[in-house]
Structure formats: C-alpha cells, structure tokens
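Read off the chains here:
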Amino acid sequence: MDILQITGSDHRSFMAIIQLLSIFCIICVPMEVMGKNGNASASSPRPSVVNVGALFTINSVIGRAAKPALEAAVDDVNSDSSILPGTKLNLITLDTNCSGFIGTMEALQLVENDVVAAIGPQSSGIAHVISHVVNELHVPLLSFGATDPTLSALQYPYFLRTTQSDYFQMFAIADLVTYYGWREVIAIFVDDDYGRNGISVLGDALAKKRCKISYKAAFTPGASNSAINDLLVGVNLMESRVYVVHVNPDSGLKIFSVAQNLGMVTKGYVWIATDWLPSLLDSIQPVDVNTMNLLQGVVALRHYTPDTDLKKRFMSRWNSLKYKNTTGPAGFNSYALFAYDSVWLAARALDAFFNDGGRVSFSDDPKLHDRNRSSLHLSSLRVFNGGQQYLQTILRMNFTGLSGQIQFDLDKNLVHPAYEVLNIGGTGMRRIGYWSNYSGLSVVAPETLYRKPYNTSTSNQQLYPAIWPGENSETPRGWVFPNNGKPLRIAVPNRVSYKDFVAEDKNPPGVRGYCIDVFEAAINLLPYPVPHTYMLYGDGKRNPVYNELVNGVAQNKYDAAVGDVTIITNRTKIVDFTQPYMESGLVVVAPVKEVKSSPWAFLKPFTVQMWCVTGAFFLFVGAVVWILEHRINHEFRGTPRQQLITICWFSFSTMFFSHRENTASTLGRMVLIIWLFVVLIINSSYTASLTSILTVQQLTSRIEGIDSLISSTEPIGVQEGSFAWNYLIDELNIAESRLVKLQNQDEYFSALKRGPKAGGVAAIVDELPYIELFLSSTNCKFRTVGQEFTKSGWGFVSITSFFLF
C-alpha cells in the first residue's frame, strides 16, 4: 500500500474533514449505543442488528454438532428476505467448558452484550444456574440440550426447551420394561442434576406400571475406570439383570468397557441406554469396530425426527458447511437439528415481536449495582424491557422445523414427543419400533398414528424382535438369584379351619396342604432353583384376614404369598397373581328339608297352566279332525250330541293311542300324525317326571339364592378372614349387622342347624371349594341354592412376577 504524505494546507483540510465525520458519526450512532451507560435505552422497531447468544460446551459430542448448525442457521436467517427484513442476527458464542462456574461467568458476560435471547446450554446443571440469571434480566433461554425434567418447573419462566424432556424418555423406558415383562431395574447414572432428576422420573414412571428401581448406582462426573469397576461389581451381585444407563455421551462408553471386562454384556443381561448413546454413535460415523463390540445387544432410545424434505436437504449439505468445527469430529446427531431450529424459533418470534410493535430496549436493574472495591461490574447487566412480550411470542410460535413441529404445550414442552427404539448389533443400529405419548410402543411411525384415535392400551404395544447380549434372540428373564441373596420369604396363612388346603405342620418345610403341594410341584418344574422359606401369617387362633396378608406382600414384608388366596380386583391393583390354579366363586348354602310324597303326586309333573294348555289342545285337535272328516266320513256323523261326544272321545283317546275312528281325508291324517307325535312327547315327559318324584328324595329350601337372601332381613354366616365379608357389604349393600363371622366347619353346622330364630343363620356365603368340602360331611342336610354369583380363582401372590406358571 502507498504511504500518503500530508503537508501544509492539506493537513488543515484533512483535520476539518475528520471533524465533520465525527459529528456525522455522533448523529448517526444508534440510540441504544449512546445510552449504553445511561438509565435506559431504546431503538427503532426494526434495528439493523440484534444480538443472540449461544452458550454451550464446544468441544463435546453435542457441542461439536451444535456449533456448525447454529452458525448455519444464522446464515440462513440472514439470507432469507422473508424473515426479519432489514435486521441481521449477530450470534455471540461462548464456551462453558462443562463447568457450572465457568458457565455462570460466561452467561453474565453474554448478557452484557444486550442479547434478546440465549441459546443453550446443553448441560442441565448449568441450565439451572443460568435460568436464575435470565429470569432476572428477562432474556428467554432456548435450550437444545438440557433435558432435565425439573427445568420445566414454574421456577424458571424464561427457560424454554427446544428438545424433548427426559420426562417422556423415562416413560418410554417404563413402557419398554413393562412390554418385556420385567418388574425391577437397576439404574446406573451420573450423579448430577441431569442424572438424578431423570432417574427420579423413571422411578415414578415405573411405579405407575407396578414396577420399580431396585437399586440406584450413581457415580460422580468424570469417575475413573476403577470407581466404575467397583460400582458394577456391586451391581452384579444383585438379582436384577436389567440395567438402565443414563449418563453423558462424552463418558458413557466407560460403563460398557468395564462391564465387558466383568462379563456383564453376555446372555441373560439387559442393557437399556437413553438417548446419549445414539447421539454419540451418530456423531462418530463410521463407528470403530471395537466400540461396537462393547455394545452388542444394547437397546437404546433416540429422539425421533420425521424424515422430511427439509431435514434431508440440511443433512445433504452437512459435510460442506463452512462452519464445521476444527477441534474435533463434528458428527451429525439429533441435537444439531434442535440447535438449528432454536435459531429459527428465535428469529421467527422476533419477527412477530416486531410486527406486534415490540421494541428492543434495555434498562438498568436497580437491584444490580457495584459494591465498593468490586470489579464484577454488575451495573453493566441490563434488563430486556420487551422480554416478557418476546417470551409470550415464542410460546405462540407454530412452524415446521428440521426436527418436526415446533409448538409448545401448556407445560412449555414441545408437542408430539417421540423416540425411536434401537437395537445395536453388528456394526450398526437397527430400529425395532417407535415410542410416542400418543400410542406408546409401535412399529408404525408416530406421524401416521397421530391421524388415528389415541390408544396406549397394553394390547396395542408392539415392537419387532430384538437381539440381546450374547446373540440371544429370546427375551431375557431379567433377574437371577444373587450370590449374596436371601431365600424368598413366602407368607402362608395359618388357618384354623379347612386345613386340608393349607395348615401348619411340625415336619419340614413347616406347612402342608393342597395349596402347598401345588406350589412345590410348580417350583420343581422351573429350570432354575428357587430357594424359599415359609413364614406363617396369623396367630393360629383364628383365620387371618387375607386382605392384610396381601398388603404385607405389597409392602415388601414378604416376597410372595402361597395359599388359598382369591384373585379379586382390589388385590390385583397392588400385587401380581399367578394364573389361577383352582376355580372359585361365592355360593350360598342353606338348610334343606325332605319333601314327602302325597296321593296327589301324580299331578306334580305338570303345572296347572300346563294341564290347562294340554287339555285345550286335545279339544282343539279333536275339533280340527271333525271339521276335516264329518262330511266324507260317516264315523264323524250323527246327531249334534253324538258328534260332540265323538270329538271329545277321539281327542282324549289319542293320549293312549286307542282311538277307533278312522280318518279318511289326507289333511285329517296329516293332522293326526303330527298330533300323535306331540302326544308321544307329552307322555314321555310326564312319565319321566313322575318317576323322579316318586323315586328320588326331594329336598327343598326357603332360600332360593343370593337374591332372596338379600331381600330378607335374616342373619348370614361368613367365614372369618374371607373377602366375602367386604363383598357383601360394599357390593351387595347388605347391612354389616346381618353378618356373622364363623371360624370352622363345626360352627357352620351348628349355625345352620339352629337357624335364625335360635341364634343361628339362615344361610352361609362362602367360596365354592370350602363349601364343597363342608357339604361332603353333612349327610345332605344342607345344599347350595341358586347359582354361583361371582367368578374368581385362587392364585399365588407376589409383588414381582417370580412365578409365571
């Protein structure tokens, strides 16, 4: 470049020009710059430049994908004349370095630049801290990577998540666990806000499915291999073999590396990883073979984003983006899509904000001022005056981005949360289904199901077959008896009646009975040993209350219960039952008395109505035959009196097939043939009924069934401890004062024999197996009346499904 020589008068002219330019610049400087150190500043509705901040860890799996996506999005917004005309976005990017302290300092430095929105961070822990800063300064925080569910709390009004919350991911995992029939899982997670809060939601989601987290294995961020080894050794001693891994993508592979060395990625184990694993594998394509060998058989979830043309065009230009990171491989993953959409969300909302008359202006916060000798310069932090209006504008946005529909629900979560269910095998990942909160697990893409009725029923859940660790195609059982485990605690009711079913025994194993025999036979059929010990429930003086026994299993006082436990709805809500091994149901048993025969017993086969109808038909058939025959058959002629006698004689003589009159007409013969067949049926039915009445002992009871028992006011006997007590009160609305507790068969016999007038009961309501055993020794003095009015069965109880026979 040439060097200019300024001399003499030229120097004076040059200085004059400089002064004029200075005055011009002062006049033209935007008002918000002039008021930087004042109490307030304002700009025109459409400023030429608007600052947007980006805060994340650049050198990380998520950061390396997000950085080029953010910068490409800003470029695309600035080059699109239909969005923010006359205004350019200026992206200010700061690196948090995975540090909460540095992240906080960077956030304060970022808002010093008068940003209208901050994009990020990816870390949930840093998001918690920064949310307090943006709340004070009214700057919306759009996070594309912080998935901690607790960030959606009302405590953080300016925090908006542009990715899916782990709340939905944990419910997806709970549906997976239920789909494969497991009941307990072990959670392995990093002990920070992201890990703890995600696993807390998983526990709630599993509880709704009547499953649980049996153990929480937490490790510190950045834990060494030896610390993780010690953790997994302890985990491997426990009974559950279903592991849910919820860690950061930058260090998650350590878990599987150590697990493989310990032989924990083999047949019988189940590993479920959250979205961190697919994000890592997507970002380092092609994946190293050694890495894939660590993950064979793992099932993982990945954010689902529809394969739209918009997404395909972006992915095709990914490798050529000029902003690709040079500090490491900038592999593509779903967080790149969320980051890109975050910029467009901020831009579209800002455009709508300006159209609604919003202005970008900032004012000093009187609560922020510099202390004596402080160098923090808190007074430089200013409040975005239009922050609340801008926030509400963002919440109203609805457009289609690279990741799908960008729209917020009432809880500030993106609508239509969905995940892909992946199975890792060979050198890649195979999709075995989808999950959405609209339809649960399915092999059909979520956008197709959105056009159908809402359906999350258990029968609707479906996935393609998975290959589990150890190249196992069968679904693992999910648990084993641990090396340091204790035998199962099996509760057995200590009955004082009906001991044929279950009772205490002085000989090993301490109990006996039909129920115990069935249980032991089933246990012996299992392909693995099930050590167990029986624990009697009850004081041995009266039958225990079975609802309390079931509650004891639900509260984990016992691992299971074996005995004559009836499967009813209220109990199935808190515990699991095996398939019924005996049919049961409530019946009514009442006293009966013998009906003595009488001289008029021959009339009892038919009712009065039946006798009348039969006689009428005899006369009717006789009249019909007379009408058809009297004109051509002389046997049906004569005086009116003779013809009437002929009709009556002919009709009633057919009962004994002794009629003498012949029929001449064809129609008459057809009528007679049909009638003789009917007479044959009537004779046979009468003969059979009369024979039964005269030869079989007839027993009768004034109680005809449960309906007549309900309508009466007489006392009803119920076995002590039976569910029938609550059923009669709650379901049939029988007064509790009418119910009498009975302990054993002797009390049954005595109460029925005395009857209600002598202090006994009119009938007893109990389960069919007990009644059948009771009636076998009563010499037909009592019998069941009416129909069995409930249908149920006996089953074994467990809080987890140990027994599936």
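Just so it is clear, the model here is predicted, and its values are computed rather than measured.

A few points about the pattern of salt bridges
(1) Moving on: Using the criterion set out here, one finds 19 salt bridges in the structure.
(2) Moving on: In this structure, Arg-196 engages Asp-193 in a salt bridge whose closest nitrogen and oxygen atoms are separated by 3.0 Å. Within this pair, Arg-196 and its partner Asp-193 are both found in helix H7 (residues 193-208), separated by three residues, close to a single helical turn.
(3) Moving on: Assessed through its relative accessible area of 37%, Arg-196 is described here as partly exposed.
(4) Moving on: When its relative accessible area of 24% is taken as the criterion, Asp-193 is described as partly exposed.
(5) Moving on: Between Asp-564 and Arg-495 there is a salt bridge, with its nearest N and O atoms 3.1 Å apart.

With respect to the packing of helix H4 (residues 100-111) against helix H5 (residues 124-137)
(1) Moving on: The interhelical angle for the contact between H4 and H5, taken along N-to-C directions, is 25°, at an axis separation of 9 Å. As judged from the angle between their axes, H4 and H5 are roughly parallel. Judged by the twist between their axes, the crossing of H4 over H5 is right-handed. Contact residues: Gly-100, Gly-103, Thr-104, Ala-107, Leu-108 and Val-111 in H4; Ile-126, Val-129, Ile-130, Val-133 and Leu-137 in H5.
(2) Moving on: Considered class by class, the residues forming the contact of H4 with H5 number eight nonpolar, three polar and no charged.

What about the sheet that holds strand E24 (residues 576-577)?
(1) Moving on: Strand order in the open sheet made by the five strands is E22-E19-E23-E34-E24, with mixed pairing throughout. One side of each edge strand has no neighbouring strand; the edge strands of this open sheet are strand E22 (532-537) and E24.
(2) Moving on: Bridging between strand E19 (residues 488-493) and E22 involves six bridges; their strand directions are parallel. Counted as the bridge partner of Pro-493 is Tyr-537 from E22.
(3) Moving on: Along the sheet, helix H16 (residues 514-525) makes contact with E19 and E22, crossing E22 at roughly 160°.

Quick look at the nonpolar core
(1) Moving on: Ranked by size, the top nonpolar core spans 78 residues in total, and within it Leu-70, Leu-89, Val-116, Phe-144, Leu-350 and Tyr-390 carry the most contacts.
(2) Moving on: Per element, the largest residue contribution to this core is 15 residues, and it comes from helix H13 (residues 334-355).
(3) Moving on: Formed by 35 residues, the second largest nonpolar core is a distinct cluster that contains Ala-217, Val-265, Ala-273 and Met-292.

What counts as what
- Residues numbered from 1 in each chain as written.
- Predicted model: local features only at pLDDT ≥ 70, side-chain atom pairs only at ≥ 80, totals over all residues.
- Heavy atoms only, no water.
- Salt bridge = Lys/Arg side-chain N within 4 Å of Asp/Glu carboxyl O.
- Helix = DSSP H or I, 4+ residues; strand = E, 2+ residues; numbered from the N terminus.
- Buried < 20%, exposed > 50% of the residue type's maximum accessible area, 1.4 Å probe, protein only.
- Axes fitted to C-alpha atoms, helices over the stretch in contact; angles between N-to-C directions.
- Parallel < 35°, antiparallel > 145°, perpendicular 65-115°, else oblique.
- Left-handed = near helix turned anticlockwise from the far one by under 90°.
- Contact = heavy atoms within 4.5 Å.
- Nonpolar A, V, L, I, M, F, W, Y, C, P; charged D, E, K, R; others polar.
- Pairing = 2+ DSSP bridges.
- Core = buried A, V, L, I, M, F, W, Y, C linked by side-chain atoms within 4.5 Å.

Spatial relationships are all this shows, so hold off on functional conclusions.
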